[in-house]
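# Inside the fold
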Amino acid sequence: MKEANAEFPRTLSLLRQEKGVSQRSAANDLGISQALLSHYENGIREPGLPFLVKACDYYGVSADFLLGRTLTRDGTTIGTEELYDISDEKNNSIKGGVLALLSKKLLVNSIGVLFGLLGKTGSREAIQATAGYLSTAVYTMYRRLYDAAPGNNPDFFSVSPRHFQAGLAEADMKCCEAELADALAAHVKAKGPMPEMTHDALARDYPVLYQSILQVVHNTGERVNAISAGRQKKQEKK
């Protein structure tokens, strides 16, 4: 293995911690020194194929998973049709009460409308930029929740705590937003198809989902305007 994947050291370390064994014990089981295993887990040295095979057997994962090439431990690739969609469940509920369930439905429905409209443009770049932005937003909220529990392992995330706290995730979101703007501008310049977004058209094309995005737009507008109003009041008092 001439070039180890960047995810390999972190995954190797997480698998050992998950297994609940010390670095010394794991090194002994894998037939190498603790110092060498430490180098592998910290990305200082790159292992050869024999070690990779041993590590896969030891942790019960595929080489693709260990190298960060797939998220499934057995190495299989998940297709679009195989992705689980909680919105397809009947009478599905979320523990935490009505507010959690309502919030989830509003966002799921609104995102459904958003990607439905993006799909009508046929712009792959616009869809990818939007997906990247929303994925990072979810990542950020999930990580805030994860980090709030002192016992959780910070090494679960590949982005270091220092970089995360410095706003690297937010920077990624702004880049995705800029990429979306560029993609849509290029699409319009090429005179590509744009979706009809009048009230009547959206109510017709998304009769069930449209009310959700209206609610999201309203709620967000109130929050954003409250920020502006608050700043204006402070200026008036001076």
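Residues numbered from 1 in each chain as written. Predicted model: local features only at pLDDT ≥ 70, side-chain atom pairs only at ≥ 80, totals over all residues. Heavy atoms only, no water.

### Digging into the nonpolar core
Phe-8, Leu-12, Leu-37, Phe-51, Tyr-59 and Leu-66 are the most contacted members of the largest nonpolar core, which has 19 residues in total. If you list the elements that add at least two residues to this core, you get helix H1 (8–19), helix H2 (23–30), helix H3 (34–41), helix H4 (49–59) and helix H5 (63–66). Tallying contributions element by element places H4 first for this core, with six residues. Setting aside residues no more than four positions away along its own chain, Leu-37 makes contact with Leu-12, Arg-16, Gln-23, Ala-26, Ala-27, Leu-30, Ile-32 and Phe-51. The next biggest cluster of nonpolar side chains, apart from the first, holds five residues, and it includes Val-113, Leu-117, Leu-202 and Tyr-210. (Core = buried A, V, L, I, M, F, W, Y, C linked by side-chain atoms within 4.5 Å. Buried < 20%, exposed > 50% of the residue type's maximum accessible area, 1.4 Å probe, protein only. Helix = DSSP H or I, 4+ residues; strand = E, 2+ residues; numbered from the N terminus. Contact = heavy atoms within 4.5 Å.)

### Examining H1
In this model, H1 (twelve residues) spans 16 Å end to end at C-alpha, consistent with the 16 Å of a helix rising 1.5 Å per residue. Among all positions of H1, only Phe-8, Pro-9, Thr-11, Leu-12, Ser-13, Leu-14, Leu-15 and Arg-16 are buried. In the core, the buried residues of H1 are packed alongside H2, H3, H4 and H5. Once H1 finishes, Gly-20 follows within two positions and takes phi at roughly 75°, a positive value. (Expected span 1.5 Å × (residues − 1).)

### What to know about the state of the cysteines
For the structure on display, the rule yields zero disulfides. Lacking any disulfide linkage, Cys-175 is separated from the closest cysteine sulfur, that of Cys-176, by 7.0 Å. What makes Cys-175 partly exposed here is its relative accessible area of 45%. (Disulfide = S-S within 2.5 Å.)

### Quick notes on the environment of Ile-111
Here Ile-111 is to be found in helix H6 (residues 98–121). Since its relative accessible area comes to 33%, Ile-111 is described here as partly exposed. Taking the C-alpha atoms as reference, Ile-111 lies 9.8 Å from Ala-131; in sequence the two are 20 residues apart.

### Brief notes about the packing of aromatic side chains
Counting across every chain of the model gives nine aromatic pairs. With a centroid separation of 6.3 Å and 35° between ring planes, the pair formed by Tyr-142 and Tyr-146 is classed as tilted. Residue Tyr-142 and its partner Tyr-146 are located together in helix H7 (residues 124–147), separated by four residues, close to a single helical turn. With relative accessibility at 15%, the residue Tyr-146 sits in the buried group. Taken together through their ring pairs, the aromatic side chains of Tyr-139, Tyr-142, Tyr-146, Phe-156, Phe-157 and Phe-164 make up a single cluster. When the ring centre of Tyr-58 is taken as origin, the NZ or CZ atom of Lys-19, which lies over that ring, is 4.7 Å away. Across from the ring centre of Phe-164, 4.5 Å away, lies the NZ or CZ of Arg-143, which sits over that ring. (Phe/Tyr/Trp six-rings, centres within 6.5 Å; stacked < 30°, edge-to-face > 60°. Lys NZ or Arg CZ within 6 Å of the ring centre and 35° of its normal.)

### Here's the deal with unusual backbone geometry
Non-glycine residue Lys-191 carries a positive phi angle of around 60°. Mapped onto the fold, Lys-191 is located in the loop between helix H9 (168–189) and helix H10 (199–205). Residue classification places Lys-191 among the exposed positions, given a relative accessible area of 76%.

### Points about the packing of H1 against H3
Across the interface, H1 lies against H3 with an axial gap of 7 Å and an inter-helix angle of 125°. Classified by the interaxial angle, the pair formed by H1 and H3 is oblique. Note on element contacts: H3 touches H1 through Leu-37, Tyr-40 and Glu-41, opposite Phe-8, Pro-9, Arg-10, Leu-12, Ser-13 and Arg-16. (Axes fitted to C-alpha atoms, helices over the stretch in contact; angles between N-to-C directions. Parallel < 35°, antiparallel > 145°, perpendicular 65-115°, else oblique.)

### Some points on the confidence of the model for the protein chain
Here the protein chain averages 86 in pLDDT, while 87% of its residues score no lower than 70. By mean pLDDT, helix H11 (residues 210–237) is the weakest element of the protein chain at 84, and H9 is the strongest at 97. Every residue in residues 80–84 scores below 50 in pLDDT, and together they form three contacts with partners more than four places removed in sequence or on other chains. (pLDDT = per-residue confidence, 0-100.)

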